[in-house]
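Fold and contact review
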Amino acid sequence: MSALQSLIATGTKLYLDSVDPKEVDQALEDGAVGATSNPVIIGGIIAKGGFDDEIKRLAREGKDDSEIAWALCDKLVADAQKKFLPIWESSGGETGWVSFELDPLLEDTVDSIPEADRTAKYVELGKRYAEGHKNRMIKVPGTPAGIAALEELAAAGVTLNITLLFSDDQYRAARDAVWKGAKKRASLQGFKSVYSIFVSRIDVYTSKNVDLSPAAQGQVGLLNAKRIWRENCDFWAGRKLPLAQEMIFASTGAKLEGDPPEKYVAALAGSDIQTNPPSTNDALREMDKTFTRTVDQLPPQAVQDEIDAKVDAAAMHAALMEEGLRKFAEPQRDLIKLIADKRAELT
């Protein structure tokens, strides 16, 4: 049994942080049951000439650079959905999902777009890109504008992946909005939602900004994720829904010097969903390691107490959200510029 197979055997659902066709095929061989998209993947394929014909066709149709970017993203996600659809069907909608990310530039222009207008745009785009798709999740950021859109989207039957979550209060606001909207549906039969808590980015932040003991440094992201995971389990347990409402453990690649590549994978093994970058899965595929369930094991109480005393959760959340929005927006701007350059080259 490979390390990846061992991870899945603990109860973890493996998702891929990519919709590159070749990486999706490899992930399916590894046992992955879902995937998520981002602009970096599309940019890489365009740079290699993989979408030249599509770009020429869309340009002839009068599409601008941004419209071309979204058309290509829609196609890549839809192609990945087809590959995961048998898993979605056999699981009754529990797995087999592919996430479609809404426009990250909505939050990149905070000064020029009022929050209410951003919320309205999330609702409009979420409904548009969800329509007609069985196994597509719509990825909405856990910003104030994004969270304000969740109730209406959930009520409309959109399956949601709330991303860029860093704190328990942020998770709670998103979850409550989704549940409020879901209860407005005629039926909860197909209701599914997931909440993407970012993990390793927190430890990068604390390594630079918080003076912690060696025992506590590098454990903040994991403690935060496990506590929110437990709260999520407890919240949904009494509602007896047909489908699980799950956490996605995102940002699972090791980022601190000296951390083994499986650090976060191993520490969160045993439940819900891990969205691993391809490089992490590549490392695990070559690793001789057996994982066991650890998602419900917290650090020693002394470590928890130190983290609670020294980490300013509000300041951390604010800093990481600002960084996260920037990391979402920059690849989208780069993608649009790449398409502009490619269009000039091809036409």
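Analysis parameters
- Residues numbered from 1 in each chain as written.
- Predicted model: local features only at pLDDT ≥ 70, side-chain atom pairs only at ≥ 80, totals over all residues.
- Heavy atoms only, no water.
- Core = buried A, V, L, I, M, F, W, Y, C linked by side-chain atoms within 4.5 Å.
- Buried < 20%, exposed > 50% of the residue type's maximum accessible area, 1.4 Å probe, protein only.
- Helix = DSSP H or I, 4+ residues; strand = E, 2+ residues; numbered from the N terminus.
- Contact = heavy atoms within 4.5 Å.
- Salt bridge = Lys/Arg side-chain N within 4 Å of Asp/Glu carboxyl O.
- Pairing = 2+ DSSP bridges.
- Right-handed = clockwise from strand over helix to strand, strands pointing away.
- Phe/Tyr/Trp six-rings, centres within 6.5 Å; stacked < 30°, edge-to-face > 60°.
- Lys NZ or Arg CZ within 6 Å of the ring centre and 35° of its normal.
- Axes fitted to C-alpha atoms, helices over the stretch in contact; angles between N-to-C directions.
- Expected span 1.5 Å × (residues − 1).
- Parallel < 35°, antiparallel > 145°, perpendicular 65-115°, else oblique.
- Nonpolar A, V, L, I, M, F, W, Y, C, P; charged D, E, K, R; others polar.

With respect to the nonpolar core
Residues Leu72, Ile138, Leu150, Leu160 and Tyr195 are the most contacted members of the largest nonpolar core, which totals 81 residues. Ranked by residues supplied to this core, first place goes to helix H5 (residues 65–90) with nine residues. If sequence neighbours within four positions are ignored, Ile138 has contacts with Phe100, Leu102, Gly126, Tyr129, Ala130, Val158, Thr159, Leu160 and Asn161. Counting 27 residues, the second-largest nonpolar core is a separate cluster that includes Val210, Ala216, Val220 and Val311.

Structural notes on the environment of Lys226
Within the fold, Lys226 resides in helix H11 (residues 220–237). By relative accessible area, Lys226 is classed as buried at 7%. Taking the C-alpha atoms as reference points, Lys226 and Glu262, 36 residues apart in sequence, are found 17 Å from one another. Those residues in contact with Lys226, other than ones at most four positions away along the chain, are Ala267, Leu268, Thr294, Val295, Gln297 and Leu298.

Some points on the pattern of salt bridges
What the rule picks out here adds up to 33 salt bridges. As a salt-bridge pair, Lys192 and Glu94 come within 2.6 Å of each other at their nearest N and O atoms. Linking Lys192 in the loop between helix H9 (168–182) and strand E6 (193–198) with Glu94 in the loop between H5 and strand E3 (97–101), this pair joins segments that are 98 residues apart in sequence. Across the pair, Glu94 and Lys192 agree in class, each one buried. With its nearest N and O atoms 3.5 Å apart, the salt bridge here joins Arg172 to Asp168.

Overview of the pairing of strand E4 (residues 136–141)
The buried fraction of E4 amounts to six of the six residues, a majority that puts the element mostly inside the structure. Bridge count for E3 against E4 is four bridges, and the pairing is parallel. Looking across to E4, one finds that Phe100 is bridged to Ile138. Where E4 and strand E5 (residues 160–165) come together, four bridges link them in parallel fashion. What sits directly across from Ile138, in E5, is Leu160. Handedness of the E4-helix H8 (residues 144–155)-E5 crossover: right-handed.

With respect to the packing of aromatic side chains
Under the counting rule described, the total for this entry stands at 10 aromatic pairs. With a centroid separation of 4.8 Å and an interplanar angle of 90°, the aromatic rings of Phe235 and Trp236 are classed as edge-to-face. Among the aromatic residues, ring-to-ring pairing joins Trp179, Phe191, Phe235 and Trp236 into one connected group. Across the ring face of Phe235, the terminal group of Arg175 is positioned such that the distance to the ring centre comes to 3.7 Å.

A closer look at the environment of Ile46
Within the secondary structure layout, Ile46 lies in helix H3 (residues 39–47). Relative accessible area serves as the criterion here: at 0%, Ile46 is assigned to the buried category. Placed 289 residues apart in sequence, Ile46 and Leu335 show a C-alpha to C-alpha distance of 8.8 Å. Excluding residues that lie within four positions of it along the chain, Ile46 makes contacts with Phe51, Asp52, Ile55, Leu72, Leu335, Leu338, Ile339 and Lys342.

Describing unusual backbone geometry
Positive phi outside glycine occurs at Leu164, with the angle close to 60°. Looking at the element boundaries, Leu164 is found in strand E5. With phi around 55°, Asp272 is a residue other than glycine that occupies positive phi space. Here Asp272 shows up in the loop between helix H12 (263–267) and strand E8 (273–276).

A short note on the sheet that holds E3
Pairing is parallel around the closed barrel formed by eight strands, whose spatial order is E1-E2-E3-E4-E5-E6-E7-E8. Here the average twist between neighbouring strands, direction ignored, is 25°. Of the strand pairs in this sheet, E6 and strand E7 (residues 246–250) are connected by five bridges, and their pairing is parallel. Residue pairing in the sheet places Ser196 in a bridge with Ile248 of E7. Across the sheet, helix H15 (residues 313–346) lies against E3 and E5, angled at about 120° from E5, the strand it touches most.

Thoughts on H9
With 15 residues, H9 should reach 21 Å at 1.5 Å per residue; the first-to-last C-alpha distance of 21 Å fits that figure. All buried positions along H9 are accounted for by Gln170, Tyr171, Ala174, Arg175, Ala177, Val178, Trp179, Gly181 and Ala182. Buried residues along H9 sit in contact with H8, E5, E6, H11, E7 and H15.

Section: the packing of helix H4 (residues 52–60) against H15
It is at 10 Å that the axes of H4 and H15 come closest, and there the two elements cross at 85°. Regarding the angle of H4 to H15, the classification is roughly perpendicular. In this structure, H4 uses Asp52, Ile55, Lys56 and Ala59 to contact H15, whose residues at the interface are Lys342, Arg343 and Leu346. Per-class residue counts for the contact of H4 with H15 are three nonpolar, no polar and four charged.

Comments concerning the side chain of Thr163
Relative to the helices and strands, Thr163 is located in strand E5. Taking the relative accessible area as the measure of exposure, Thr163 reaches 3% and is therefore buried. For Thr163, the residues in contact, after removing those within four places along its chain, are Lys139, Val140, Pro141, Gly142, Ser196, Phe198 and Phe328.

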